Amino acid sequence: MRSLFALLFCSSLFAVSNGYILPGANPQSFSENEKVKLKVNKMTSTKTLMPLDYYFLPFCAPDEGPSMDNENLGEFLAGDRIESSPYQLYMKKEMYCEQVCINNLGRGEQKNVQPNRVIKAIRKQYHNNWIVDNLPSAHKVEAESGGETPDSDTRYWHGFPLGFVSDSDKKAYIHNHVNLEIMYHPVEHDTSTFRVVRFTVEPFSIMHDCDLSISEADKIKSEAMMPKLATIKNPIASCALNSQEHTSFEMVTAPGRLLQPASGKVLFTYDVKWIENPDLPWASRWDIYLSMDDAIPAKIHWMSIANSLVIVLVLSAMIGAILVRNLRRDITRYNKLSTDEEKAEDLEEYGWKLVHADVFRPPSNPLWLSAACGTGAQILCMSFLTIIFSAMGFMSPARRGHLLVAELVFFAMMGTVGGYVTARMYKTFKGKSWQQATLATAVAFPGLVFGVFLIMNIVALSQKSSDAVPPLMIIVLLVLWFGLSTPLVFLGAYFGYRQEVLDFPVNTSSIPRQIPDQPWFMGIPFTLAIGGILPFGSCFVELYYMMSSVWMDYYYYVFGFLLMVFLILLVTCAEITILFTYFQLCSEDYHWWWRSFMNAGSTAIYVFLYSVVYFKQLEASSLASYVLYFGYMGLASLALFVTMGFVGTVSSLYFNKIIFGSIKID
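The rules behind these values
- Residues numbered from 1 in each chain as written.
- Predicted model: local features only at pLDDT ≥ 70, side-chain atom pairs only at ≥ 80, totals over all residues.
- Heavy atoms only, no water.
- Helix = DSSP H or I, 4+ residues; strand = E, 2+ residues; numbered from the N terminus.
- Expected span 1.5 Å × (residues − 1).
- Bend = angle between axes of the 7 residues up to and from the residue.
- Phe/Tyr/Trp six-rings, centres within 6.5 Å; stacked < 30°, edge-to-face > 60°.
- Buried < 20%, exposed > 50% of the residue type's maximum accessible area, 1.4 Å probe, protein only.
- 1 Å grid on protein atoms, 1.4 Å probe; cavity = no way out; pocket = protein on both sides within 12 Å on 5 of 7 lines; lining within 4 Å.
- Points joined across faces, edges and corners; volume = space filled by probe spheres on them.
- Nonpolar A, V, L, I, M, F, W, Y, C, P; charged D, E, K, R; others polar.
- Axes fitted to C-alpha atoms, helices over the stretch in contact; angles between N-to-C directions.
- Left-handed = near helix turned anticlockwise from the far one by under 90°.
- Contact = heavy atoms within 4.5 Å.
- Core = buried A, V, L, I, M, F, W, Y, C linked by side-chain atoms within 4.5 Å.
- Salt bridge = Lys/Arg side-chain N within 4 Å of Asp/Glu carboxyl O.
- Pairing = 2+ DSSP bridges.
- Parallel < 35°, antiparallel > 145°, perpendicular 65-115°, else oblique.
- Polar contact = N/O pair within 3.5 Å; in protein donor to acceptor, adjacent residues only side chain to side chain.

1. Considerations on helix α12 (residues 434–462)
With 29 residues, α12 extends 42 Å between its outermost C-alpha atoms, agreeing within 8% with the 42 Å of an ideal straight helix rising 1.5 Å per residue. At A440, α12 shows its maximal kink, close to 35°.

2. Details of the packing of aromatic side chains
Summed over the entire model, instances satisfying the criterion amount to 42 aromatic pairs. Taking 5.5 Å as the distance between ring centres and 90° as the angle between the ring planes, the aromatic pair formed by Y156 and Y289 counts as edge-to-face. Here Y156, found in the loop between β9 (151–155) and β10 (160–161), pairs with Y289, found in helix α6 (residues 287–290); they are 133 residues apart in sequence, far enough to count as distant. A residue is classified by how much of its surface remains accessible, and Y156, at 8% relative accessible area, is buried. With a centroid separation of 4.3 Å and 25° between ring planes, the pair formed by W481 and F482 is classed as stacked. Through a chain of ring-to-ring contacts, three or more aromatic side chains come together here, namely Y54, Y55, F59, Y87, W130, F160, F268 and Y270.

3. A look at empty space enclosed by the protein
If you walk through the whole model with that rule in mind, you get 2 cavities of 30 Å³ or more. Estimated volume of the second largest cavity: approximately 120 Å³. As for the second largest cavity, its lining consists of 16 residues, and the residues nearest its centre are Y87, N128, W130, H175 and F268. Those elements that provide at least two residues to the lining of the second largest cavity are β10, β13 (177–186) and β17 (265–276). Here the residues of the lining of the second largest cavity are counted per class, giving 11 nonpolar, 5 polar and no charged.

4. Concerning the packing of helix α11 (residues 415–428) against helix α13 (residues 471–498)
Two numbers describe how α11 lies on α13: the axes approach to 6 Å, and their chain directions differ by 40°. The hand of the α11/α13 crossing is right-handed. Here G415, T416, G419, Y420, A423, R424, Y426 and K427 of α11 lie close against α13, whose contacting residues are S485, L488, V489, L491, G492, A493, F495, G496, Y497 and R498. Counted by class, the contact of α11 with α13 contains 9 nonpolar, 6 polar and 3 charged residues.

5. What about the nonpolar core?
Within the largest apolar cluster, 138 residues are counted, with the highest numbers of intra-cluster contacts made by W130, L180, F199 and F660. Core analysis: the second largest hydrophobic core is formed by 10 residues, F76, I474, L480 and W481 among them.

6. Observations concerning the pattern of salt bridges
Enumeration according to the criterion identifies 7 salt bridges in this entry. Between K42 and D80 there is a salt bridge whose closest N-O contact spans 3.4 Å. Residue K42 is located in the loop between β2 (35–40) and α2 (73–77), and its partner D80 is located in the loop between α2 and β3 (83–90); the two are separated by 38 residues in the primary sequence. As far as burial versus exposure is concerned, K42 and D80 are alike and both buried. A salt bridge links R361 to D358; the nearest nitrogen and oxygen atoms lie 2.5 Å apart. Taking relative accessible area as the criterion, R361 reaches 16% and is therefore assigned buried. By relative accessible area, D358 is classed as buried at 3%.

7. Here's the deal with the layout of surface pockets
The gaps left among the atoms become clear once a water-sized probe is rolled over them. Here the largest pocket is characterised by a volume of approximately 700 Å³. Of all the secondary-structure elements, those providing two or more residues to the lining of the largest pocket are β8 (138–143), β11 (163–165), β14 (193–204) and α5 (249–252). Here the lining of the largest pocket gets 5 residues from one element, more than from any other, and that element is β8. A breakdown of the residues in the lining of the largest pocket according to their chemical character gives 13 nonpolar, 10 polar and 5 charged.

8. Concerning the side chain of Q584
Relative to the elements of secondary structure, Q584 occurs in helix α16 (residues 559–586). Setting aside residues up to four positions removed in sequence, Q584 forms contacts with M522, D589, H591, W592 and R595.

9. Considerations on the pairing of β13
Burial runs high along β13: 8 of the 10 residues are buried. Between β13 and β14, which pair antiparallel in sequence order, lie 6 residues. For β13 and β17, the ladder comprises 8 bridges, and the chain directions are parallel. Each residue of the ladder has a partner; that of H177, found in β17, is T269.

10. Details of the packing of helix α18 (residues 603–615) against helix α19 (residues 623–660)
Packing of α18 against α19 brings their axes to within 8 Å, and their N-to-C directions diverge by 160°. Accordingly, the angle class assigned to the pair α18 and α19 is roughly antiparallel. Considering only the axes of α18 and α19, their crossing is right-handed. For the pair α18 and α19, the contacting residues are A604, V607, F608, S611, V612, Y614 and F615 in the first and S625, Y626, Y629, F630, M633, G634, S637, L640 and F641 in the second.

11. Re the sheet that holds β3
If you trace the 4 strands from one edge of the open sheet to the other, you get β3-β2-β6-β7, paired in antiparallel fashion. A single partner strand is all that each edge strand has here, and the edge strands are β3 and β7 (135–136).

12. Quick word on the environment of T247
Among the secondary structure elements, T247 is positioned in the loop between β16 (231–232) and α5. On the basis of relative accessible area, T247 is assigned to the buried category, the value being 5%. Along the sequence, T247 and V272 sit 25 residues apart, while their C-alpha atoms lie 9.8 Å from each other. Filtering out sequence-adjacent residues up to four positions away, T247 remains in contact with H177, N179, F204, I206, I236, S238, V252 and D271. At 3.1 Å, the side chain of T247 forms a polar contact with the side chain of H177.

Written out as structure tokens, the structure reads:
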């Protein structure tokens, strides 16, 4: 037990430490003037939630056409589309106002005229996500401050915007020039090679008044640099002939300079600036991305844990004050040998002992309860394995898509657990249709998820989004489902049915006892409302950051904190369910199987309601965004419902076995 606690504690320290170790990540070294590839990924927006392929818009492409990286299943499911780009970078080679291409973006903005694709994307606040040596681009923003130097801010999430809408004329302008700032450091054992440790993009909008005919001076310059496409008539200082000065905010905002509208023919240019940083080791280059430059202090997560622990302590105190004291009194009274006079005075028994002959009576619809508990056990084991491996660094953001792949593989492998739990429970309930129970575990929840996924995929296809998964990847999912998960469910069920039924301390009568009228506060609506609010309160802070990582492209890598919060959530659900089960039995209501499942699972209702509130800050307005968001949040809430439902059912089962095993039955 001590070793397990030490492992969890070390995982927590690992997740909040300043250095992130990424097991299996191999550094790539570059010699001077060696080509460094710049790749482009999907474009994202929090207003539509629909990522787009980079080349869906008329951006500059390589002469031979863009080529896609070999992507894994997780990258396809996440909508990643990593492709080559025409931007040429060479290690330690400074580049000034290099010309990439001249593209026609389409018609300009006019009343009663449909705008072009680029304008639509800019107004929907789409962001570019570029990659250099597997590092995502940070976004550098400069603005006038009233002083000698402009204010500068760097954001290490969400890429950089395609353009912006001007506050003055409300028109869309495109960022057609980028400063690529790349930090590097020499390799310790080989100072002739270098490694990339940071990648920052500073976008600008510059109207280049250019002539497609190339002057002799530009031809001479193009021999040493990239080929020139046009002669710029009104160049800024960095674009002038033989310039050795990088583009700056002052150049772009100088008097007489105009912004580039997101229409017509546009010249795309870029600078490359190399900065040596010997103090930033390669192993720590992801630190600032994962911490988002301390945008979310670790103190917030510790406060979340403290809040969760307070809830657990309050619940534990209630259980200690109510259950332990009352149970001790009840057990003492039930086990006391009464005299004839005491029996005459106390003709009627009262309390939970009265339902001893019915407390372990099989529930209604035992097949579906068994299947639901089996699915909940399967998801619970998958969640534990995913969080633990992530806390140990095996699911880092540097390995794109690995987290999703791990979840799918763990879910399929834990099919043995799901089948085993289903079989043990269904056999205990004296069920006869064991094939149907096993099939329900293998097909019901995965089938529902797959059906909703297909609907989401059709919606993504209709929106031309990169979220649309190719048919080959859908076949891979089906193979995982029917080729791995389903056989393992049946394998687990085989071993489960070979086990003896669960042993109960009391016998069940053949005639069910009549249940008296219950008070209003023991009704299902009230217990669901109270049973879900406390567990939700113990995890809603971490839930916010998890949802931000999914829907707002923030980085989430505090899996040590998540592991602790998850354990607290399980304990809270178990305690609140046991409390309500005791009150229910004291009211002589022995229908606790489904009630305990729903009381614990009601946490998911609050999670879904919270997702409705969270949706408002995304500013998404299209029907496709509503379908995508609430479709996936509904599935996540359903998965949480069956997981916590399993925890509540098992907790109540063992609680009942303990208390009824401690009394004497005549």
